[in-house]
Amino acid sequence: MMEIITAEQLMEYLGDYILDAKPKEISEIQRLNYEQNMSDAMAILHKLQTGLDVNVKFTGVRVFEYTPECIVFDLLDIPLYHGWLVDPQVADIVKAVGNCSYNQLVEKIISCKQSDNSELVSEGFVAEQFLNNTATQLTYHGLCELTSAVQEGELCVFFRNNHFSTMTKYKGQLYLLVTDQGFLTEEKVVWESLHNVDGDGNFCDSEFHLRPPSDPETVYRGQQDQIDQDYLMALSLQQEQQNQEINWEQIPEGISDLELAKKLQEEEDRRASQYYQEQEQAAAQVQQVQGAPSVASGRQSGSNERKRKEPREKEREKEKNSCVLL
């Protein structure tokens, strides 16, 4: 009977669920392993409110580079999907991307650009073009694979455009849960269909019947706004990696790959820290102006790609719903 749940309440609920879901009849080794996973999950549970380290691989809709944050999804038995896949029929992209994760591919592009081998330079260019052309992090091949992989009636989490959304499948069609504050007064709008890569979905009610918003013009403007923001955000993340090439000449010759990777990671961490500090300050200002407590459902409670907000509110939600790929 609650209309609003805070991020803190949601974190407490998830923590209690993880504790209660402990298997009863398991071996000693399994028990110790589960308890270790549970401890690791509790240690990073607070990150669900600010951002997870998610690193996709382009070979499958459920293929992610393993990070400690993935333990939360495993313990809660929640499938995590993405749709950022390479089309296997495009041979040059398949060769350029290979089995790389996103982070590995960015490093490969940088390395190829520094190579004297023209074939490697060409391969790096193809990989870079793939990232640029799929900056919205969903391809048609990925969408087809998603439709095939997700089971009918399954509840899962879908990662795209640095957002996590609740997803389900009904009568063969994928739907994303609408959780934007802009739809707070649209009581009948519950789901949005995911049937193309452009974000042009159909809104439905809880029974998956078409239910257009009461103010379509406002929603349309909000959709275009958020699509542009997501696209620019994805490009910005990629551009930050590419901008690191500016000072390559200043890097000492003979530097090891490990040292180079550390430098790149330090720079990425610095920018991520600066970004979150700016967003926290913006959120604090909004809270002071509005004179109301901050209410958010956390990033993993189904952040949708559409926002219909005023500029300051957009900044506030961006802080809550952004995920920096490191």
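Residues numbered from 1 in each chain as written. Predicted model: local features only at pLDDT ≥ 70, side-chain atom pairs only at ≥ 80, totals over all residues. Heavy atoms only, no water.

Looking at an unreviewed UniProt entry, one finds the chain named Ubiquitin carboxyl-terminal hydrolase and attributed to Anas zonorhyncha. Per UniProt, the comment on the chain under Sequence similarities (unreviewed entry) is "Belongs to the MINDY deubiquitinase family. FAM63 subfamily." Its UniProt record, at the heading Catalytic activity (unreviewed entry), says of the chain: "Thiol-dependent hydrolysis of ester, thioester, amide, peptide and isopeptide bonds formed by the C-terminal Gly of ubiquitin (a 76-residue protein attached to proteins as an intracellular targeting signal)." (UniProt positions renumbered as here; feature names shortened; annotations may be inferred.)

Chemist: Please clarify how the overall build of the chain should be interpreted in this entry.
Modeler: Across its full length, the chain holds 10 helices and eight strands. Burial analysis of the chain (326 residues in total) assigns 45% to the buried set. Sequence-distant contacts in the chain: of pairs separated by 6 or more residues, those separated by 24 or more amount to 64%. Taken as a whole, the chain presents about 17700 Å² of accessible surface, with 50% of it coming from carbon and sulfur. (Helix = DSSP H or I, 4+ residues; strand = E, 2+ residues; numbered from the N terminus. Buried < 20%, exposed > 50% of the residue type's maximum accessible area, 1.4 Å probe, protein only. Contact = heavy atoms within 4.5 Å. Areas by Shrake-Rupley, 256 points an atom, 1.4 Å probe, with all protein chains shown as cover.)

Chemist: Can you help me understand the pairing of strand 5 (residues 163-170) in this one?
Modeler: One face of the sheet, then the other: side chains in a regular strand alternate in exactly this way. Along strand 5, seven of the eight residues are buried, which leaves the element largely enclosed by surrounding structure. Judged from the five bridges that link them, strand 4 (residues 156-160) and strand 5 form a sheet pairing that is antiparallel. By the bridge assignment for strand 5, Arg 160 is matched with His 163. Between strand 4 and strand 5, which pair antiparallel one after the other, the connecting turn spans two residues, and Asn 161 there sits at a positive phi close to 55°. Direction of pairing for strand 5 relative to strand 6 (residues 173-177): antiparallel, over a ladder of four bridges. (Pairing = 2+ DSSP bridges.)

Chemist: Can you help me understand helix 2 (residues 28-44) in this one?
Modeler: Because each turn of an α-helix spans 3.6 residues, side chains separated by three or four positions in sequence point in the same direction. The end-to-end C-alpha distance of helix 2 is 25 Å, a good match for the 24 Å that 17 residues give at a rise of 1.5 Å each. Structurally, helix 2 contributes buried residues whose contacts are with helix 1 (7-20) and helix 3 (70-75). (Expected span 1.5 Å × (residues − 1).)

Chemist: In this structure, what is going on with the nonpolar core? I would like to understand it.
Modeler: Inside soluble globular proteins, nonpolar side chains tend to come together where they are buried. Residues Val 56, Phe 58, Leu 105, Phe 130, Leu 131 and Phe 164 are the most contacted members of the largest nonpolar core, which totals 39 residues. Looking at this core, the elements with two or more residues in it are helix 1, helix 2, helix 3, helix 4 (91-97), helix 5 (102-114), helix 6 (118-133) and strand 4. Discounting residues that sit within four places of it in the chain, Phe 130 has contacts with Phe 58, Trp 84, Leu 85, Val 86, Ile 93, Val 97 and Leu 105. The next biggest cluster of nonpolar side chains, apart from the first, holds 14 residues, and it includes Leu 85, Leu 138, Met 167 and Leu 176. (Core = buried A, V, L, I, M, F, W, Y, C linked by side-chain atoms within 4.5 Å.)

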